[in-house]
Amino acid sequence: MNHALADPTHLRPGFPKGLHVLLVDENCAPIEAQLRQPELQYAVTCASSATEALELLRYANVKFPKSAQYDIILADARLVAMEDTTGKAFIDACEGVPVLLMAEQGSAKDVLRSVQLGAVDFLDKPLSTLKLKNIWQHCVRKMMRSASSKNISRCFEVSRPCY
C-alpha cells in the first residue's frame, strides 16, 4: 500500500493546512480571506484574470519544484469559461491540477458545462466555509488516480509480475 495515500500528512505535515490554492477571481479579497482563516490556513495566490492565472501556472512549472506548485485551482467560471473553447483551453493548461469553478447563482446547466469542460467541481458563491474545508479531497483523489495508474502500468510490464 502506498503510505502517502494512506496518510496524506506523510507528504505534507498538517495537511490539508497549507494547501496551495490558485484563486482566479476579479475580487479575490473576500475569498482569499476565507481561505486563509485559521480554520483552513490555505496558502493562496490570487489572479484577477485567466491570462494572469496561466502566467502564474507557467512560472510555477518552470521556476519551482513539483512540491511548490498549486494543489487546487479555484476559478470564477465567468473569467475562465465564458466560451467552451476558452474554458477547455484554460482547464487543459492547468496540467492535471484539479480545477473547481464557481459562480453566483449557478444553474444546473452551469454545473454540467463546467464538468464537461473538465472541472472537478462547481461551487456556488458566496462560498461556505464547509465547502472550502473539503476542497482538499480533490487533491487526494488526484493522488489516488495517479498512484492507481502507476500500479496498473506496472502490471502490464512484461518483466514484472503484478501480485
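Residues numbered from 1 in each chain as written. Predicted model: local features only at pLDDT ≥ 70, side-chain atom pairs only at ≥ 80, totals over all residues. Heavy atoms only, no water.

### A short note on the pairing of strand β2 (residues 43–47)
Strand direction decides the pairing type here: strand β1 (residues 20–24) and β2, joined by five bridges, are parallel. Directly across from Leu-23, in β2, lies its bridge partner Cys-46. Note on the crossover from β1 through helix α2 (residues 28–36) to β2: the handedness is right-handed. (Pairing = 2+ DSSP bridges. Helix = DSSP H or I, 4+ residues; strand = E, 2+ residues; numbered from the N terminus. Right-handed = clockwise from strand over helix to strand, strands pointing away.)

### Examining the side chain of Asp-76
Structurally, Asp-76 is set in strand β3 (residues 72–76). Among the residues examined, Asp-76 registers a relative accessible area of 1% and is labelled buried. Residue contacts for Asp-76: discarding those within four places in its chain leaves Val-24, Asp-25, Met-102 and Lys-125. (Buried < 20%, exposed > 50% of the residue type's maximum accessible area, 1.4 Å probe, protein only. Contact = heavy atoms within 4.5 Å.)

### Side note on the side chain of Gln-34
For Gln-34, the position within the fold is in helix α2. For Gln-34, the side chain forms a polar contact with the main-chain oxygen of Leu-127, separated by 2.7 Å. For Gln-34, the residues in contact, after removing those within four places along its chain, are Leu-40, Leu-127, Ser-128, Thr-129 and Leu-132. (Polar contact = N/O pair within 3.5 Å; in protein donor to acceptor, adjacent residues only side chain to side chain.)

### Observations concerning the confidence of the model for the protein
It should be kept in mind that the predicted coordinates are not to be read in detail where pLDDT is low. On average, residues of the protein score 79 in pLDDT, and 75% of them are at 70 or above. Summarising per-element confidence for the protein, the mean pLDDT is lowest in helix α1 (residues 3–6) (47) and highest in α2 (96). Confidence drops under a pLDDT of 50 for residues 1–6, and excluding neighbours within four residues, the segment shows eight contacts in the predicted structure. Between residues 152–163, whose pLDDT stays under 50, and residues either more than four places distant or in other chains, the model counts three contacts. (pLDDT = per-residue confidence, 0-100.)

### Brief notes about the pattern of salt bridges
Summed over all chains, the structure comprises seven salt bridges. Salt-bridge contacts for Arg-78 lead to Glu-26; the nearest nitrogen and oxygen are separated by 3.6 Å. Here the residue Arg-78 occupies a position in helix α4 (residues 77–80), and Glu-26 occupies one in the loop between β1 and α2, the gap between them amounting to 52 residues. Overall, Glu-26 belongs to the exposed group, its relative accessible area being 53%. Across the salt bridge formed by Asp-76 and Lys-125, the nearest N and O atoms sit 2.6 Å from each other. Within this pair, whereas Asp-76 is found in strand β3, its partner Lys-125 is found in strand β5 (residues 121–125), the two being separated by 49 residues in sequence. Residue class for Lys-125 comes out buried when judged on its relative accessible area of 15%. (Salt bridge = Lys/Arg side-chain N within 4 Å of Asp/Glu carboxyl O.)

### Quick notes on the sheet that holds β2
Read across the sheet, five strands follow the order β2-β1-β3-β4-β5 without closing on themselves; strand pairing throughout is parallel. Since the sheet does not close on itself, it has two edges, and those belong to β2 and β5, each with one partner. Between one strand axis and the next, the sheet turns by 25° as a mean value, whatever way the strands run. Across five bridges, the pairing between strand β4 (residues 99–104) and β5 is parallel. (Axes fitted to C-alpha atoms, helices over the stretch in contact; angles between N-to-C directions.)

### Let's talk about α2
Every α-helix winds through 3.6 residues per turn, so residues three or four apart in the chain are directed the same way. When we look at burial in α2, the residues that qualify are Cys-28, Ile-31, Gln-34 and Leu-35. The buried side chains of α2 occupy one side of the element, clustering within an arc of 135° when seen end-on. Looking at the buried residues of α2, the elements they touch are β1, β2, β3, β4, β5 and α7 (129–133). (Arc of directions from axis to C-beta.)

### So, the nonpolar core
Counting residues in each nonpolar core, the largest one holds 24 residues, and the members touching the most others are Leu-22, Val-24, Ile-73, Val-80, Phe-90 and Leu-101. Counting residues per element, this core draws most heavily on helix α3 (residues 50–63), at four residues. Judged by nonpolar contacts, the second largest core, of 20 residues, contains Phe-15, Leu-100, Leu-132 and Ile-135. (Core = buried A, V, L, I, M, F, W, Y, C linked by side-chain atoms within 4.5 Å.)

### Some details on unusual backbone geometry
The peptide bond linking Phe-15 to Pro-16 adopts the cis configuration, its omega dihedral lying at 15°. Summarising the element assignment, Pro-16 is placed in the loop between α1 and β1. The step from Lys-125 to Pro-126 runs through a cis peptide bond, and the omega angle for that step is -5°. The topology assignment puts Pro-126 in the loop between β5 and α7.

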